[in-house]
Amino acid sequence: MPGPSPGLRWALLGLWAALGLEILGLAAVAQEPFWADLQPRVALVERGGSLWLNCSTNCPRPERGGLETSLRRNGTQRGLRWLARQLVDIREPETQPVCFFRCARRTLQARGIIRTFQRPDRVELVPLPPWQPVGENFTLSCRVPGVGPRGNLTLTLLRGAQELIRRSFTGEPPRARGAVLTATVLARREDHGANFSCRAELDLRPHGLGLFENTSAPRQLRTFALSPEPPRLLGPRLLEVGSERPVSCTLDKLFPAPEAGVHLALGDQRLNADVTLEGDTLTATATATGSAEQEGSRQLVCKVTLGGESREAQENVTVYSFPSPLLTLSETSAPEGQMVTVTCTAGTQALVTLDGIPAAAPGQPAQLQLNATENDDGRGFFCYATLEVDGEMLSKNDSTELRVLYAPRLDDSDCPRSWTWPEGTKQTLRCDARGNPEPSVHCARPDGGAVLALGRPGPVTRALAGTYRCAAASAQGAVVKDVTLTVEYAPALDNVGCPDRMTWVEGTEASLSCVAHGVPAPNVSCMRPGETNVVEGLLRVAREHAGTYRCEATNVRGSVAKTVAITVEYGPSFEELGCPSNWTWVEGSGSLFSCEVDGKPQPSVECTGSEDANEGVVLPLVSSKPSPRSPPLSSDLPPGVYLCNATNPHGSLVKTVVVSAESPPHMDEATCPSHQTWLEGAQAAVLACSARGRPSPHVRCLREGRSWPERPHVSREDAGTYHCEATNAHGTDSRTVTVGVEYRPVVAELAASPTSVRPGGNFTLTCRAEAWPPAQISWRAPPGAPNIGLSSNNSTLSVAGATGSHSGEYECAATNAHGRHARRITVRVAGPWMWVAMGGAAGGAALLAAGAGLAVYVRSTACKKGEYNVQEAESSGEAVCLNGAGGGAEAGDAAAESPAGDEVFAIQLTPA
């Protein structure tokens, strides 16, 4: 049966929905038939603003209606079931207007809420103290009057841009208005000059309005630190009228020091202070001047003020008057023999003393009288005055000098009769005459010659020596005196009086004498360096007199020394050490015969052969004075007897020298071949290495890199590099010898790959032989086996497309100069005809045979596990096992290898 059509289904669904709505509507009418509504129900208005409220109802014919509120109204609009009214100048924090209608003898009401907000237009930070001590707390207070609602307000106290404290008033009642934020802050040095402010944020964004912000005017904080200690005041305790003394006042731990005030005063006189700052230290300096008006005790005051506080220091200063004493002479310039009066006076309170004699009482003068003499000329008088001030004794003094007039005098102390000067210096001739007025002095030679410049320095030369007449004259008279000048100079030794070199002949008589010049006359002495005996008188010349002598001339003005070389000449003489009687010449060394001869002058030496073999041959010599006939260096020198003749101007001498010839070791290819070959198994060999040389060299050979153990026969391990060295008294020679060991060939490996060969398949036989020199490989294959290929060195035999004709025995032979060795291997090619022979009714027997074959294979492989050396395994159990494996027919198809004999050593091959 088909279902209802879609249109019918939608109609039925609409009917059910209508019935449902009707039922709900009937229920609502039954519960509340009419209502009143006020829009907006909740409103947020800026303080002083206006708002329209709409009051409405669903009552069809309301009897009356209205809007109850305490707010001012500006206009009203009405309809049958609605009323709109504008409210203005809304200032109350919160009001609740009521919308009402009278309907069917019932009053319908709707209440609303109108709240006001006020922006933070006034943000005030309470003024800060003018000065705030560092380390003490001060209060920051921020006031924001009228702002609201407070629950949406956040206040922040700032130091510059840094937030100190932030407070949000969330949770405050909606009617709450205005806010105060107070914080206690510790004043720091770095807060000096910092600006503090308050920021207010009214966040009305949750109500659809914006974020209202405002910040107070900044207030600057001035912090200070003032030490509790008073300033250090330094000043004079006593101050004389008319004098100036420095005053200083210092105070530490002062911040900020530049803003501190300083007051310096002496009594009622303020001092002009010069202030210097260094870190937190303030120093004020001034100059205090004593005046007659301030005479007496006064207060020196220093006062430092900062931040409304001050520190003060005081010192007592006594201002006093003390005039200097006055010293007078009745005659400042008195002729010799006249009376002179000396007077000393001072102030009324001072006590004076004249040359140690005090006055009778303070305020009275002191006097002294004398008869002027020559000794009083330039005499000084001293007046000393004392005054007690505030318990301290003060003093002042005055002095003067008396001038006495008298005739000139030339005393030996001021003008000596004799002068002695060293040559070359700068000297000043002083011939001073006493007298007043001061006399003039003139010195010249009596014959009217040279004049001496008095009082001026000049160079001293020998020409200045002589006698001079000095005259002194003044208004009081004249006097004359003779003066002698002597010029001294250091000794000199020249080649005329003392030659640099002297030559003496051994056996003659000679003397060493030197004459020196100088004033005063020098003393001359000659001696060897390091000795104390002076050479004097006539000497018998011997060789020990030769050498260097130091002659020294000395006087009071200095000394001079000179070196004199004495050469003693004598005839030639031979010493065995310098010219040996026997000499060995080494071939190729290039050495020369050294024949040293003693004699002066140095003798010339020549050595010539005196026998038939070397007659006339000149022996090459090592000599500082070679003979004109000295031969060039020779590579061959005839041995024999040579006569050496030494000659100089004082004689000649002959010596016999026997010369023998020797040579160092020498090895070459002829005496020590560089490559030698030994045969393995031969009797142990010795390296064939010898050397030529005189005396006969000793030859020793050592293996390089490792030890060379002694063996009875040659082994392959003897191959390697050997170092042979020949040695005699004249040196060494060495050669490197390479030893090679040759041995017979051995076929070390003969293998088939793969191990199973099927008809049509490929297989390879590999033969590896060990031999030196390398062996030649040759093969022998079954007759008629086709398609056999060999590698380049014959070590590999390859077969492609194996057939039955390839089954059989293969032999590999290795041959070199020392012998031949061969091994054989048997290859069988197995085909599928075996399966045909085993078919049909014999299938079960084939399975049994296969099992038996597997057992034989397992036994044979277990027996042949490992690698075998054929020569070493011929008599071993393993070899027997292999013979058994390869000799029976039950072993199946296999390939076998065989040495040169008839033994067969088999390896198992797996059939296809």
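Since we're looking at a predicted model, the values are computed, not measured. (Residues numbered from 1 in each chain as written. Predicted model: local features only at pLDDT ≥ 70, side-chain atom pairs only at ≥ 80, totals over all residues. Heavy atoms only, no water.)

Draft legend 1. View of the overall build of the chain. Scanning the chain from N- to C-terminus turns up four helices and 73 strands. Within the chain, buried positions represent 35% of all 912 residues. For the chain, the proportion of contacts with a sequence separation of at least 24, taken over those separated by at least 6, is 63%. Only carbon and sulfur atoms are counted for the fraction: they give 51% of the accessible area of the chain, which is about 50700 Å². (Helix = DSSP H or I, 4+ residues; strand = E, 2+ residues; numbered from the N terminus. Buried < 20%, exposed > 50% of the residue type's maximum accessible area, 1.4 Å probe, protein only. Contact = heavy atoms within 4.5 Å. Areas by Shrake-Rupley, 256 points an atom, 1.4 Å probe, with all protein chains shown as cover.)

Draft legend 2. Representation of the side chain of Thr69. As for its position among the elements, Thr69 is in the loop between strand S4 (64-68) and strand S5 (72-78). Take Thr69: its relative accessible area is 18%, and that puts it in the buried class. Looking at Thr69, its side chain comes within polar contact range of the main-chain nitrogen of Leu71, at 3.2 Å. Filtering out sequence-adjacent residues up to four positions away, Thr69 remains in contact with Leu87 and Pro97. (Polar contact = N/O pair within 3.5 Å; in protein donor to acceptor, adjacent residues only side chain to side chain.)

Draft legend 3. Quick look at unusual backbone geometry. The residue after Gly148, namely Pro149, is reached through a cis peptide bond having omega 0°. Mapped onto the fold, Pro149 is located in the loop between strand S13 (137-144) and strand S14 (153-159). Across the junction of Ser753 and Pro754, the peptide omega takes the value 0°, indicating a cis bond. Topologically, Pro754 is positioned in the loop between strand S65 (731-753) and strand S66 (763-772). Positive phi values are uncommon outside glycine, yet Arg105 reaches one of about 65°.

Draft legend 4. Up close: the environment of Leu209. Along the chain, the position of Leu209 falls in the loop between strand S17 (195-203) and strand S18 (211-215). A residue is classified by how much of its surface remains accessible, and Leu209, at 32% relative accessible area, is partly exposed. Taking the C-alpha atoms as reference, Leu209 lies 9.2 Å from Leu44; in sequence the two are 165 residues apart. Apart from the residues lying within four places of it in its own chain, the contact partners of Leu209 are Leu44, Phe117 and Leu204.

Draft legend 5. Molecular detail of the sheet that holds strand S3 (residues 49-57). If you walk across this open sheet you meet the four strands as S1-S3-S6-S5, and the pairing is antiparallel. Unpaired on one side and paired on the other, strand S1 (36-39) and S5 mark the two borders of the sheet. With strand direction ignored, the average angle separating the axes of adjacent strands in the sheet is 20°. Pairing of S1 with S3, which is carried by four bridges, proceeds in the antiparallel orientation. Pairing of Leu38 across the sheet is with Cys55, part of S3. (Pairing = 2+ DSSP bridges. Axes fitted to C-alpha atoms, helices over the stretch in contact; angles between N-to-C directions.)

On their own, these measurements won't tell you what the molecule is for.
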